[in-house]
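Summary of the model geometry
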Amino acid sequence: MALKLRSQMPELEGASTWLNGEVTKSDLVGDKPTLIHFWSISCGLCKEAMPNVNEFRDTYKDKLNVIAVHMPRSEKDLNLDEIKKVAEEHEITQPIFVDDQHKLTDAFENEYVPAYYVFDGEGQLRHFQAGGGGMKMLTKRVNRVLGIKE
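The present account deals with the structure reproduced in this document.

Here is what the cut-offs are and how they apply
- Residues numbered from 1 in each chain as written.
- Predicted model: local features only at pLDDT ≥ 70, side-chain atom pairs only at ≥ 80, totals over all residues.
- Heavy atoms only, no water.
- Core = buried A, V, L, I, M, F, W, Y, C linked by side-chain atoms within 4.5 Å.
- Buried < 20%, exposed > 50% of the residue type's maximum accessible area, 1.4 Å probe, protein only.
- Helix = DSSP H or I, 4+ residues; strand = E, 2+ residues; numbered from the N terminus.
- Contact = heavy atoms within 4.5 Å.
- Pairing = 2+ DSSP bridges.

A few words on the nonpolar core. Judged by nonpolar contacts, the single largest core of 45 residues is most densely connected at Ile 36, Phe 38, Trp 39 and Tyr 117. Sorting the residues of this core by element identifies β1 (17-19), β2 (34-39), α2 (44-59), β3 (65-70), α3 (80-89), β4 (96-98), β5 (115-119) and α5 (135-146) as the ones contributing at least two each.

Listed below in structure tokens is the structure:
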């Protein structure tokens, strides 16, 4: 079972490495809402959804923090060069928490890729969804957290 709504964002600790810069929970909370998305290089749905995630990042760049978490699903997913290559191919320029030991995955109680967690500016979970579809719902929830009327 994933984090419950209204839960506080877990600390962003335990990364085996960070790509594209490192952030902490205190960098994010109190600033602006945050979208944290879990993905994996072996996940086809994640790759299909990446243009949508990048669109969020670019459209809301001044209003929304976007953080990627690479959650390995097998031994093959632990290859850092491959993670870097796939991140580059899919234009993932936001910070990437590489979670080889599933420390953040466990803190989020996350079982899925892709998975999306939307936290408000105070670090409270406002929306969770998993799977490839549902970008309309994610957009609605992000807009709601940002106070944007549709």
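This is not the end of the story, as more comes after the structure.
Most peptide bonds take the trans configuration, and most residues that are not glycine carry a negative phi. Along the chain, Val 113 connects to Pro 114 via a cis peptide bond; the corresponding omega equals -10 degrees. Structurally, Pro 114 is set in the loop between α4 (103-107) and β5. In the Ramachandran plot, Glu 91 falls in the positive-phi region, its phi being about 55 degrees despite a non-glycine side chain. Locating Glu 91 in the fold gives a position in the loop between α3 and β4.

Turning our attention to the environment of Met 9. Relative to the elements of secondary structure, Met 9 occurs in the segment before β1. Separated by 73 residues in sequence, Met 9 and Glu 82 place their C-alpha atoms 28 Å apart. Setting aside residues no more than four positions away along its own chain, Met 9 makes contact with Lys 25, Leu 28, Val 29, Thr 34, Ile 36, Phe 119 and Gly 123.

Sheet topology note: the β5/strand β6 (residues 125-130) ladder contains five bridges and is antiparallel. When the sheet's bridge partners are listed, Tyr 117 is paired in β6 with Phe 128.

Relative to the elements of secondary structure, Ile 36 occurs in strand β2. Since its relative accessible area comes to 0%, Ile 36 is described here as buried. Spatially, the C-alpha atom of Ile 36 lies 13 Å from that of Arg 141, the residues being 105 residues apart in sequence.

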